Amino acid sequence: MKKIVLVGCGAVGSSFIYSAINQGLAEEYILIDKFKNLAEGNALDLGDVQASLEYPFTAIKVGDFQDCHDADLIVITAGRPRKVGETRLDMVSDNAKIISDIALEINLSGFKGITLIASNPVDVMTAVYQKVTGFDVHKVLGAGTILDTLRLKYLLGQKLEINPESIFGYVLAEHGDSAFIPWSNVIVANQSILEVMTKEELELLEQAVKTRAGEIIKLKNATFYGIAAGLTFLIKMIMKNQDTMSIAGAYLNGEYDNQGFYIGVPVILNQNGWKEVVQLPLTNEEQLKFNHSCQIIKENLKVALSAIADKVIKSDERIEKSSY
């Protein structure tokens, strides 16, 4: 990619840019943040890395939303941080207002590329962004359950003493408490996980995956390296343009018997964003869990849209400029 814009230069955003420049994702990086000193400091600090890179970038600098007009991809990590004891859903109204303001500014820039959302609660914020901008749903994707899936593969690899690359499986649905692992689809070294581990072992492992974020937040107040790596991974799959399957936050239009919102599901990725949702065969119990998670997302999306009712626009109406 020639140009990536980052909106939100906190711990997640700066960790993502550090990961991105080390893997040579783009030639130019633009940093945008409400607090310009933070963006400037990160740009200077990260600039010091350039001379040591295998794939050096041409520029990393502070910009504004007008710099989005010719970007290939925008990554949004802006939002207030999750507090100790909070769930991601406790942040709905506050972050909906932030994301809607950002969405209006990006739309005004004339941006035509792909947007990747990481702001929490990510499924709801991805839907808010797409609703406000009116962008093609396929060019807007959320991080979804990519981080949950990375945690699953790491913990399962540790448990079985096997390289995580030998594990095929995903965490589905909301990036939150209602996420679940469809164990019927998890394969380890060409063998079903149901033949390798007991039901009790799988339940303990799933609980460990779901509580891992809370444990990290208690210890260091935030999680950022894992999601930064997950965002970088998704962008690499987009850049390959080889119709590669991965987990991400995509818009359902009848798949898995649900529609009208973003959620973590397997998708095909290419240079145009996500091409299609891949439907895994779920058991009846797994489908019920998926439906439950969908209902939670839909309820919280209503809360988010209510909080930004004055900014939700119809696609045929003129977008008035909003400050961020």
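### Overview of the packing of helix α4 (residues 122-133) against helix α8 (residues 284-307)
Argument step 1. The contact between α4 and α8 brings their axes to 9 Å, and the two run at 50°. Compared by their axis directions, α4 and α8 come out oblique. The crossing of α4 and α8 is right-handed. Only Ile-297, Asn-300, Leu-301, Ala-304 and Leu-305 of α8 make contact with α4, whose side of the interface consists of Asp-123, Val-124, Ala-127, Val-128 and Lys-131.
Argument step 2. Residues of the contact of α4 with α8, tallied by class, amount to 7 nonpolar, 1 polar and 2 charged.

### Some details on the pairing of strand β12 (residues 273-277)
Argument step 1. Here strand β11 (residues 259-270) runs beside β12; their pairing, made up of 4 bridges, is antiparallel. Bridged to Asn-270 within β12 is Gly-273.
Argument step 2. Between the antiparallel neighbours β11 and β12 lie 2 residues.

### With respect to the pattern of salt bridges
Argument step 1. Applying the stated criterion across every chain yields a total of 4 salt bridges.
Argument step 2. As a salt-bridge pair, Glu-28 and Lys-61 come within 3.6 Å of each other at their nearest N and O atoms. Here Glu-28 is found in strand β2 (residues 28-32), whereas its partner Lys-61 is found in strand β3 (residues 59-62), with 33 residues between them in sequence.
Argument step 3. Under the relative-accessibility criterion, Lys-61 is labelled partly exposed at 40%.
Argument step 4. The salt bridge partner of Lys-289 is Glu-285, with a shortest N-O separation of 3.9 Å. Of the two residues, Lys-289 and Glu-285 both sit in helix α8, 4 residues apart, roughly one turn of that helix.

### Structural notes on the packing of helix α5 (residues 146-160) against helix α7 (residues 225-240)
Argument step 1. Contact geometry for α5 and α7: axes closest at 9 Å, N-to-C directions at 105°. Here α5 is positioned roughly perpendicular relative to α7, judged by the angle of their axes. Along the contact surface, α5 presents Ile-146, Leu-147 and Leu-150, while α7 presents Gly-226, Ile-227, Gly-230, Phe-233 and Leu-234.

### Section: the packing of aromatic side chains
Argument step 1. If you walk through the whole model with that rule in mind, you get 8 aromatic pairs.
Argument step 2. On the numbers, 5.9 Å between centres and 90° between planes, the contact of Tyr-29 with Phe-57 is edge-to-face. In this pair, Tyr-29 sits in strand β2 while Phe-57 sits in the loop between α2 (36-47) and β3, placing the two residues 28 residues apart along the sequence. Here Tyr-29 matches Phe-57 in class, with each residue buried.
Argument step 3. With centroids separated by 5.6 Å and ring planes inclined at 70°, the aromatic side chains of Tyr-251 and Tyr-262 adopt a geometry described as edge-to-face. Remark: Tyr-262 occurs in strand β11 and Tyr-251 occurs in strand β10 (residues 244-253); sequence separation between them is 11 residues.
Argument step 4. Judged by relative accessible area, Tyr-251 falls into the partly exposed class, the value being 24%.
Argument step 5. Following the ring pairs from residue to residue traces out a cluster consisting of Phe-111, Tyr-129 and Phe-135.
Argument step 6. Here the basic side chain of Lys-220 rests over the ring of Phe-224, its NZ or CZ set 3.9 Å away from the ring centre.

What counts and how
- Residues numbered from 1 in each chain as written.
- Predicted model: local features only at pLDDT ≥ 70, side-chain atom pairs only at ≥ 80, totals over all residues.
- Heavy atoms only, no water.
- Axes fitted to C-alpha atoms, helices over the stretch in contact; angles between N-to-C directions.
- Helix = DSSP H or I, 4+ residues; strand = E, 2+ residues; numbered from the N terminus.
- Parallel < 35°, antiparallel > 145°, perpendicular 65-115°, else oblique.
- Left-handed = near helix turned anticlockwise from the far one by under 90°.
- Contact = heavy atoms within 4.5 Å.
- Nonpolar A, V, L, I, M, F, W, Y, C, P; charged D, E, K, R; others polar.
- Pairing = 2+ DSSP bridges.
- Salt bridge = Lys/Arg side-chain N within 4 Å of Asp/Glu carboxyl O.
- Buried < 20%, exposed > 50% of the residue type's maximum accessible area, 1.4 Å probe, protein only.
- Phe/Tyr/Trp six-rings, centres within 6.5 Å; stacked < 30°, edge-to-face > 60°.
- Lys NZ or Arg CZ within 6 Å of the ring centre and 35° of its normal.

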